[in-house]
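# Descriptive structure summary
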Amino acid sequence: MAKLARPVVAGTLIDEPNITPEELQLAVRNHSMPLEALRYDITPLGLHYLLIHFDIPAVDPTTWELSIGGHVERPLKLSLDQIKARPATTLAVTLECAGNGRARMSPRPLSQPWLNEAVGTAEWTGTRLGPLLAEAHPHDRAVEVVFTGIDRGVQGGIEQQYERSLALRDAMRDEVLLVWAINGQPLTPQHGFPLRLIVPGWYGMTQVKWLRSITVLDHAFEGFQQANAYHYRREQGEAGEPVTRMRPRALMVPPGVPDFMTRTRFVEPGRHELVGRAWSGRAAISKAELSDDGGATWSEATLGGAPSEYAWRAWSYSWNATPGEHELCVRATDAAGNVQPSNANWSLEGVENNAIQRVQVVVGSTDHAEQAAADSP
Ligand SMILES: Nc1nc2c(c(=O)[nH]1)N[C@H]1C(S)=C(S)[C@@H](COP(=O)(O)O)O[C@H]1N2
Ligand SMILES: [Mo]
């Protein structure tokens, strides 16, 4: 393996606000969802966030096959046409990267530097995994199922294909799908063409793209993305908790118009309908609350509908904007009693930081736009 000019190790803690060239490199490859896209129930193709660890692989759909094997009675090999001929289901599902919120941490772990918006909701079309696994007939001692992608690279000094596992009982759940379409169109290269896994409610790392094989194991999977990465750890060497289902989060469409560089919002005084979405992979959303004073006081928002029980729920709030500076915040609570924290939920890998969103707003003046002339892109 070629030596890097200087060591750049994922997870290194950075204690200064400026992002590094390597973080910028990742950030321009893997974009988040612009917050104004929260206005759509289903995120339009191209606005959904993206996270690709290595490279988007080239796949020839005419020779591609999915193999299902390992500890099964009846290993299977299926072409894309054979998979598409199976009973199809379409389900709206909200996906969120486990690293969402990472760039807000201090110190922050060197990795994809997400702010708040590594999220999207798509209508995924595919076939249920459970019946396929049942046809392969897992052995009695089977405990886990590994999903292997075609994409390869090096992470943590280990050459690997992207792969993640699920407990067999989680893989057999009704809502778990192998999908070939997004928003009614064939999967795009960046979202996993020709076939990906969708596990509603779980953080993004579970949703293996560019599937190549499914392997049933009689023991726990030890691959890098499973055993090493994606653990909530506060100290080096700690076993930690595996990252699984999404913690609750609410986001708002920032009101008014933005300043080009700072994204500070300019809003006219008076009533404004604030809108956004809230989701949790742990229980249904039970409450969304708004604050216009940085989280000192809260008022309840009105909850609206959701495109499915596995997708975000709309909320709205009629805000009376009074002249001056405000910090708008939104906070979600789920039916299991999980609520978003005010401050960053710090961890070594920068996972599961579901701290509340904060939006700086100036009501009744655009004086803060004095920089405008210097800012032309
Ligand atoms: N094969 C493969 N699957 C993958 C990844 C990857 O790098 N390779 N990234 C995972 C992560 S960390 C996330 S957050 C989601 C992102 O899915 P999206 O790009 O379709 O939004 O894909 C997951 N599936
Ligand atoms: Mo992710």
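Residues numbered from 1 in each chain as written. Chains lettered and ligands numbered in written order. Predicted model: local features only at pLDDT ≥ 70, side-chain atom pairs only at ≥ 80, totals over all residues. Heavy atoms only, no water.

## Notes on the site of ligand 1
- Neighbouring residues of ligand 1: 18 residues in total, closest Tyr49, Asp151, His191, Arg196 and Lys209.
- Arg196 has a polar side-chain atom sitting 2.7 Å from an oxygen atom of ligand 1.
- Between an oxygen atom of ligand 1 and a side-chain N or O atom of Lys209, the distance comes to 2.5 Å.
- Summarising the interface, the protein chains cover 100% of the accessible area of ligand 1, which totals 530 Å² for the free molecule. (Near = heavy atom within 4 Å. Polar contact = N/O pair within 3.5 Å; in protein donor to acceptor, adjacent residues only side chain to side chain. Areas by Shrake-Rupley, 256 points an atom, 1.4 Å probe, with all protein chains shown as cover.)

## Focus on the sheet that holds strand E3 (residues 76-79)
- On the basis of which strands lie adjacent, the open sheet formed by five strands has the order E3-E2-E12-E7-E8 and mixed pairing. One side of each edge strand has no neighbouring strand; the edge strands of this open sheet are E3 and strand E8 (158-167). In this sheet, neighbouring strand axes are inclined to one another by 25° on average, regardless of whether the strands run parallel or antiparallel.
- Two strands pair when backbone bridges link them, and strand E2 (residues 65-70) and strand E12 (residues 211-217) are joined in this way by four bridges, in the parallel orientation. Across the sheet, Gly70 pairs through a bridge with Val216, a residue of E12. (Pairing = 2+ DSSP bridges. Helix = DSSP H or I, 4+ residues; strand = E, 2+ residues; numbered from the N terminus. Axes fitted to C-alpha atoms, helices over the stretch in contact; angles between N-to-C directions.)

## Re the domain arrangement of the protein
- The assigned domain composition of the protein is domain 1 (13-229) and domain 2 (249-375).
- A C-alpha centroid distance of 28 Å is found between domain 1 and domain 2.
- Summing the contributions of domain 1 and of domain 2, the shared interface buries around 2,500 Å²; its carbon and sulfur component is 59%.
- The largest share of the area that domain 1 buries against domain 2 comes from Leu38, Met105 and Asn116, three residues that together contribute 24% of it.
- Applying the counting rule to domain 1 against domain 2 returns two salt bridges.
- In this structure, the salt-bridge partner of Glu96 is Arg249, at a minimum N-O distance of 2.7 Å.
- Taken together, the links from domain 1 to domain 2 amount to 15 residue pairs in polar contact (both at pLDDT 80 or more).
- When residues of the side of domain 1 that touches domain 2 are traced back to their parent elements, those giving at least two are strand E4 (89-96) and strand E6 (119-128).
- Considering every element that reaches the side of domain 1 that touches domain 2, the biggest residue donor is E4, with five residues. (Domains from an automatic or database assignment. Buried area = accessible area lost by both parts, 1.4 Å probe. Salt bridge = Lys/Arg side-chain N within 4 Å of Asp/Glu carboxyl O.)

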